[in-house]
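# Architecture at a glance
Listed below, chain by chain, are the residues.
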Amino acid sequence: MKRTVSLKENHLFRRLYQKGKTSADSRLALYVRRNGGKTNRLGLTVSTKVGCAVTRNRIRRRLREIYRLHEAQMAEGMDVVVVARVRAGRSSYRQLEESFLRLAGKLGLIQQGG
RNA sequence: CGAGUGGGCUGGACAGCCGCGUGGGCAGGCCGAAAGGCCGUCCAUGAGGAAAGUCCGGGCUCCACAGGGCAAGGAUAACGGGUAACACCCGCCGAAGGCGACUUCAGGAAAAGUGCAACAGAGAUAUACCGCCGGCCAUUGCCUGUCAAUGGAGUUGACCGUCCGGCGGGCGCAGUCGGCGCUUUGCGCCGGCUACACCCGCCUUUCUUUGGGUAGACUCAUUCCAAUUGGGCAGACUCUUUGAAAACGGUCGGAACCAUUGACGGGCAAUGGGCGGUAAGGGUGGAAAGGCGGAGAUAAGCGCCCGCCCGAUGACUGGGAACUGCUCAUCGCUGUAAACUCUAUCCGGAGCAACACCGUGGUAACGCACCAGGCCGGCCCGGCCGCGUUUAGGAGGUGGCUGGAACGUGUCGGCAACGGCACGUCAAGAUAGAUGGCUGUCUUAAAGGACAGAACCCGGCUUACAGGCCCGCUCGCACC
RNA sequence: GCGGAAGUACCCAAGAGGCCGAAGGGGCUCCCCUGCUAAGGGAGUAGGCCGGGAAACCGGCGCGAGGGUUCAAAUCCCUCCUUCCGCG
């Protein structure tokens, strides 16, 4: 993740939830907003309602891997927050990837080459 | 072979590509005056048996405290050992459960004191309702003594009725008749008859007991009404079965005597009232003041006494102790402390978000100054900012941070928990939190599917867990 | 990381060892009131699960779950589960 840093502060999350563009399905929720810089910032949220610590870690790693593998296609200078919902705990990697790509395309985060 | 019981181990392995955290190397690249930072590359390494729950015990750090004690609050609880310590572990004792292997137990004190024990029951830690017993009083009945009156009555007593249920049998005794003998008013022996008592068997009646059957009534119901049918409640009747029971009364005669009436007494029984004794019996309860049997004594009763058993305490034996056992002595006490309490032992408080260091912006105080300086800008012009020190503060950062009551192997001591010694090894240290994605091979019944993520560290406990492997032991069946 | 509270019928809930099939209210059913409804007033049953039965009815288990103490547990004790709150 060469052009991406992680999003950590709570006030940035709040601003994104209030002012960012939203798209969601039953597995994931995606928030996107332009941040004015050149690098992307990624935040991941998995609440304790999803499952135990092992399950939450697995979802977080899969989401980070999905983001890493599609980083080259993404627009620059964006703040991105991915929220995992309850059904994500029982979803496979392929299902998560499909949901992420569909939501990101809907929000214009990914320039669809093909 | 089947069923069971206790314990231990394991919790997939290997390879390729892309990617991540930490540590180290590099003559590499970029930034920087330097310290150093970033990138790149190579090497090493990278979650558990429970990392979980946070239920106990410690290390470590800070705070309080001269040291210690008391109080409050809390925890623990047979005994001996292990341990840094423990609510842990091992051994052992006791109790409960199991045919057994074995399992479970907050397992001190109820005789220091206080509290609680609903309902039921006469009574709940002592009671007196019924019952049993002894006095007292009242009433009634019966028996009886003395006296008086009236009546009956004169010397072997006799007789009657109903009935000891009925029938049959047996034994004994008595009476009587006949025969014989003798010591001849009599006695003995043999035989017959009769009556009575007792015993046995069968039948009858009544009461009691055991187990069945069932008419009718009442009641509930199959959509309404009626019938039928079924259920519920109660148990008349009947069958069967256990045990027990089936009496005597009257009349006449009569000296003594008897009957009636009256007076004065005595005794017994019943009923009622009241007083006292008793704790055997009642059948309620989880619990009724040791249990079973017996004798004497008593007004009636009672471990009051005796035999056997049970339990507690003390002495003695064995054991290191809890405890145990042959015996002896004394005693017979409800349960509850996961009710208060008492006894013994232990605990100062908070927690790595502790704590130590560096420290932005903004704020306060003091000093200096309106110059100089700093920032933006290639430069001029221009624009913006007061500066320094100190205190408090503390975004954030660094340390704390992993070599330790450590792990492995061997050996020695110990029943064991565990401990001693020798050799070897260094195995995550993150900070929004590193193990993921894709693919292949092997083991496997199944790996695409157990439970589950370190957060300062350690010892335990508890809880979750797909499966796999190994060992000890018990019971049952079969065979040799 | 540390500390605290709660769990009772469909809902809100009382009860703090025994008379507890478990107070009370909402809800439910019926009646009154009204031209009709709402509101208001009055009365009443059952309260969940399992088993037997055609029904009347009978029996057992249930106060978050599982154990224990006690003659007796919603209540006392232990372990676990769930939910909520506070510090930071």
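A brief structural summary. Treat the numbers as computed from the prediction; the structure is a model and nothing was measured.

Once that is clear, we can look at the pairing of strand E5 (residues 78-84). Each regular strand carries side chains that alternate between the two faces of the sheet. The element E5 is largely enclosed, with a buried count of seven among its seven residues. Across the two faces of E5 the burial is the same, with Met78, Val80, Val82 and Ala84 and Asp79, Val81 and Val83 all buried. Pairing analysis gives seven bridges linking strand E3 (residues 28-34) to E5, with the strands arranged antiparallel. Across the sheet, the residue bridging to Tyr31 is Val81, located in E5. After leaving strand E4 (residues 40-46), the chain enters helix H2 (residues 53-69) and then returns to the sheet as E5, a path that is left-handed.

Our next topic: the environment of Ser47. Here Ser47 is to be found in the loop between E4 and H2. Looking at Ser47, the relative accessible area reads 30%, which means it is partly exposed. Residues Ser47 and Val83, 36 residues apart in the sequence, show an inter-C-alpha distance of 8.4 Å.

With that out of the way, let us pick up the protein's contact with RNA strand B. Neighbouring residues of RNA strand B: 14 residues in total, closest Asn57, Arg61, Arg62, Glu65 and Arg94. Close to the protein, within 4 Å, the atoms of RNA strand B belong to sugar or phosphate groups at a rate of 72%. Between Asn57 and RNA strand B, the recorded distance is 3.1 Å, taken from a side-chain N or O atom to a base nitrogen. In this structure, a phosphate oxygen belonging to RNA strand B sits 2.9 Å away from a side-chain N or O atom of Arg62. Going through the elements one at a time, H2 and helix H3 (93-106) are the ones with two or more residues in the surface near RNA strand B. If one sorts the elements of the surface near RNA strand B by residue count, H2 sits on top with eight residues.

On to the nonpolar core, then. Leu28, Leu30, Ile59, Val80, Val82, Phe100 and Leu109 are the most contacted members of the largest nonpolar core, which totals 24 residues. At the level of secondary structure, the elements contributing two or more residues to this core comprise E3, E4, H2, E5 and H3. Each residue touching Leu30, except ones within four places of it in the same chain, is listed here: Lys21, Thr22, Ser23, Val80, Val81, Val82, Phe100, Leu103, Ala104 and Leu107. Counting eight residues, the second largest nonpolar core, distinct from the first, contains Leu12, Ala29, Tyr31 and Val83.

Attention shifts here to the sheet that holds E5. Here five strands make up an open sheet; going across it, the order is E1-E4-E5-E3-E2 and the pairing mixed. Among the strands making up the open sheet, the edge pair consists of strand E1 (4-6) and strand E2 (21-24). Put simply, the sheet's adjacent strands are angled 20 degrees from each other on average, direction ignored. Taken strand by strand, H2 contacts E1, E3, E4 and E5, and its axis lies near 155 degrees from that of E4. Seen against the sheet, H3 touches E2, E3 and E5 and runs at an angle of roughly 35 degrees to E3.

Conventions and cut-offs
- Residues numbered from 1 in each chain as written.
- Chains lettered and ligands numbered in written order.
- Predicted model: local features only at pLDDT ≥ 70, side-chain atom pairs only at ≥ 80, totals over all residues.
- Heavy atoms only, no water.
- Buried < 20%, exposed > 50% of the residue type's maximum accessible area, 1.4 Å probe, protein only.
- Helix = DSSP H or I, 4+ residues; strand = E, 2+ residues; numbered from the N terminus.
- Pairing = 2+ DSSP bridges.
- Right-handed = clockwise from strand over helix to strand, strands pointing away.
- Near = heavy atom within 4 Å.
- Polar contact = N/O pair within 3.5 Å; in protein donor to acceptor, adjacent residues only side chain to side chain.
- Core = buried A, V, L, I, M, F, W, Y, C linked by side-chain atoms within 4.5 Å.
- Contact = heavy atoms within 4.5 Å.
- Axes fitted to C-alpha atoms, helices over the stretch in contact; angles between N-to-C directions.

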